[in-house]
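Residue strings, one per chain:
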Amino acid sequence: MNLIARNSFRLRALPHRLSSLTFLRHQATCATTAIPSFPCVDAHAARESKILASSFYRYSQTGTRASSSDSGPEPPYARPNPLSYNTYRHQYPLELTYGSTLPSFDIAYETWGTLSPSLDNVILLHTGLSASSHAASTELNPTEGWWEKFIGPGRALDTNQFFVICTNVLGGCYGSTGPSSLDPEGQRYATRFPILSIFDMVRAQFKLLDHLGVQKLYASVGSSMGGMQSLAAGWLFPDRVGKIVSISGTARSSPGSIAMRHAQRSVLMADPHWNNGFYYDDLPPHTGMKLARQIATITYRSGPEWDQRFGRKLRKLKDGESPSPLRSPTLCPDFLIETYLDHQVSAYPPWSPSSQSH
């Protein structure tokens with residue numbers, strides 16, 4: 001009976017031993033097989049390390065978390081310096097579209113040209129979602145702006161004739177009050193910042209115009225989300241807007257646009273570092289922001305334009321890569337359009353996007 005039991009145990013253990021032997025043989029085979037390399041994954045990990053190092057450095061230097069004047073644990077981006085733009089502080093409550101109220105707010109802005117004695121040559125330039133007030137270079141900030149080729153003497157927005165004002169929108173991350181700002185209790189708003197509409201952004205801008213004594217604009221100009229603001233300015237203040245220039249703008253979002261924004265928010269909120277929006281003194285959700293930015297970038301151009309600009313061109317081979325008649329695809333960017341998406345998000349800061357309605 002004992003012999004039968006021992007043999008029975010050995011038979012039951014045999015599959016486990018065979019499985020172990022198979023595993024060892026697999027390990028030996030893998031040891032002789034090169035481990036795949038994914039440069040795009042390595043680059044993403046390197047970016048996370050830089051963000052972590054930046055956060056640790058700031059903490060070690062101050063002994064505390066980032067101050068209210070800091071931008072959070074972000075790597076150094078080409079951000080406007082607070083000394084290079086003006087700030088208007090509105091000390092009174094602003095009633096918002098969806099029933100909330102901001103007790104007060106700041107608007108960051110920059111100007112180009114000379115204001116006429118009659119204050120009638122003002123162009124209000126509205127930004128897209130992620131742009132700062134730095135639309136063109138100034139004496140205080142000689143860095144090229146996002147509309148550098150269109151602002152200046154003899155250019156589309158001719159500073160020999162017009163006084164151009166560009167603000168960072170309410171809810172933005174470049175000097176105007178937004179989710180990263182401190183609330184009246186001294187805590188960051190984060191996702192407690194009220195939901196904004198395009199109308200709210202424009203009303204805040206017109207509070208600045210009131211402060212500057214500008215009763216009527218020569219023109220309200222903008223592209224993308226700025227184009228939506230230029231339309232809203234004409235709708236809200238028809239007697240104060242002379243002309244409207246809306247480029248790639250719309251009066252309201254289409255179902256496709258709403259769906260795309262839902263997808264962007266979904267990948268951002270799925271990032272484990274999102275933390276319900278309260279990440280300003282910790283590692284930001286840079287992975288979610290990268291994916292959301294890639295989705296957004298795809299929507300910025302039409303299919304025919306992608307074909308014309310990139311087609312099916314492949315990226316250039318890197319040093320050490322040998323040319324081959326049949327180039328094997330990889331999981332990292334192969335096509336030129338893929339490298340373009342990576343380039344567009346590589347310098348995009350993991351800031352908190354402004355809360356906006358559809």
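Rules used in this analysis
Residues numbered from 1 in each chain as written. Predicted model: local features only at pLDDT ≥ 70, side-chain atom pairs only at ≥ 80, totals over all residues. Heavy atoms only, no water. Helix = DSSP H or I, 4+ residues; strand = E, 2+ residues; numbered from the N terminus. Polar contact = N/O pair within 3.5 Å; in protein donor to acceptor, adjacent residues only side chain to side chain. Expected span 1.5 Å × (residues − 1). Buried < 20%, exposed > 50% of the residue type's maximum accessible area, 1.4 Å probe, protein only. Pairing = 2+ DSSP bridges. Axes fitted to C-alpha atoms, helices over the stretch in contact; angles between N-to-C directions. Contact = heavy atoms within 4.5 Å. Parallel < 35°, antiparallel > 145°, perpendicular 65-115°, else oblique. Left-handed = near helix turned anticlockwise from the far one by under 90°. Nonpolar A, V, L, I, M, F, W, Y, C, P; charged D, E, K, R; others polar. Phe/Tyr/Trp six-rings, centres within 6.5 Å; stacked < 30°, edge-to-face > 60°. Lys NZ or Arg CZ within 6 Å of the ring centre and 35° of its normal. Right-handed = clockwise from strand over helix to strand, strands pointing away. Disulfide = S-S within 2.5 Å.

**Topic: the environment of Arg 188**
Phase 1: Its location among the elements puts Arg 188 in the loop between β8 (163–167) and α3 (198–212).
Phase 2: In terms of polar contacts, Arg 188 uses its side chain to reach the backbone carbonyl oxygen of Ser 180, at 2.7 Å.

**Considerations on α3**
Phase 1: Spanning 15 residues, α3 covers 22 Å between terminal C-alpha atoms, matching the ideal 21 Å at 1.5 Å per step.
Phase 2: For α3, the full list of buried residues reads Ile 198, Asp 200, Met 201, Val 202, Ala 204, Gln 205, Phe 206, Leu 208 and Leu 209.
Phase 3: Put simply, Ser 197 is the residue that caps the front of α3, since its side-chain oxygen is 3.2 Å from the backbone nitrogen of Phe 199.

**Remarks on helix α6 (residues 286–299)**
One turn of an α-helix holds 3.6 residues; hence residues three or four places apart share an orientation.
Phase 1: Compared with an ideal rise of 1.5 Å per residue, which puts 14 residues at 20 Å, α6 spans 20 Å between its outermost C-alpha atoms and is within 8% of the ideal.
Phase 2: For α6, the set of buried residues is His 286, Gly 288, Met 289, Lys 290, Ala 292, Arg 293, Gln 294, Ala 296 and Thr 297.

**Side note on the sheet that holds strand β5 (residues 122–126)**
Phase 1: Strands sit in the order β1-β4-β8-β5-β9-β10 across an open sheet of six strands; the sheet is mixed. This sheet does not close on itself; its edge strands, each paired only once, are β1 (86–90) and β10 (244–247). Ignoring which end each strand starts from, the neighbouring axes of this sheet average 25° apart.
Phase 2: The strands touched by α3 within the sheet are β1, β4 (105–112), β5 and β8, with β4 carrying the most contacts at an inclination of about 65°.
Phase 3: Across the sheet, helix α4 (residues 225–236) is in contact with β5, β9 (219–223) and β10; its angle to β9 comes to roughly 155°.

**Focus on the packing of helix α5 (residues 255–270) against α6**
Phase 1: In the contact formed by α5 and α6, the axes pass within 7 Å of each other and the chain directions differ by 165°. Here α5 lies roughly antiparallel to α6, going by the angle between them. Note that α5 runs across α6; the crossing there is right-handed. Contacts between α5 and α6 involve Met 260, Ala 263, Gln 264, Val 267 and Leu 268 on the former and, on the latter, Gly 288, Met 289, Leu 291, Ala 292, Ile 295, Ala 296 and Thr 299.
Phase 2: Among the residues making up the contact of α5 with α6, the classes are represented as nine nonpolar, three polar and no charged.

**Quick notes on the packing of aromatic side chains**
Phase 1: Throughout the structure, instances matching the rule amount to nine aromatic pairs.
Phase 2: Seen from their ring centres, Phe 206 and Phe 237 are 4.0 Å apart, and the 15° between their planes marks the pair as stacked. Separated by 31 residues along the polypeptide, Phe 206 in helix α3 and Phe 237 in the loop between α4 and β10 bring together distant segments of the chain.
Phase 3: Seen from their ring centres, Phe 310 and Tyr 340 are 5.1 Å apart, and the 50° between their planes marks the pair as tilted. Note that Phe 310 is positioned in the loop between α7 (303–309) and α8 (336–346) and Tyr 340 in helix α8, a separation of 30 residues in sequence. Exposure class is identical for Phe 310 and Tyr 340. Each is buried.
Phase 4: Feature note: the residues Trp 146, Trp 147 and Phe 150 constitute an aromatic cluster, connected by ring pairs.
Phase 5: Arg 240 extends its terminal NZ or CZ atom over the ring of Phe 237, reaching a point 5.9 Å from the ring centre.

**Points about the pairing of β9**
The side chains of a regular strand alternate between the sheet's two faces.
Phase 1: Extensive coverage of β9 is indicated by the burial of five of its five residues.
Phase 2: By the alternation rule, side chains of β9 split into Ala 219, Val 221 and Ser 223 and Ser 220 and Gly 222, which are all buried.
Phase 3: Both β5 and β9 contribute to a ladder of four bridges, which runs parallel. By the bridge assignment, Leu 124 is partnered in β9 with Ser 220.
Phase 4: As defined by bridge partners, β9 adjoins β10 across four bridges and the pair is classed as parallel. Looking at the pairing, Gly 222 lines up with Ser 246 of β10.
Phase 5: This β-α-β element, β9 to α4 to β10, shows right-handed connectivity.

**Some details on the side chain of Gln 294**
Phase 1: Take Gln 294: it is sitting in helix α6.
Phase 2: Residues contacting Gln 294, with those up to four places away along its chain left out, are Leu 341, Asp 342 and Val 345.

**Regarding the state of the cysteines**
Covalently bonding the sulfur atom of one cysteine to the sulfur atom of another cysteine gives a disulfide.
Phase 1: For the structure shown, the criterion picks out one disulfide.
Phase 2: A disulfide bridge connects Cys 40 with Cys 332, and the sulfur atoms are separated by 2.0 Å. The S-S bond linking Cys 40 to Cys 332 shows a torsion near -75°; that makes this disulfide left-handed. Placement of the pair is Cys 40 in helix α2 (residues 39–62) and Cys 332 in the loop between α7 and α8, with a sequence separation of 292 residues.
Phase 3: Overall, the relative accessible area of 22% leaves Cys 40 in the partly exposed class.
Phase 4: When its relative accessible area of 10% is taken as the criterion, Cys 332 is described as buried.

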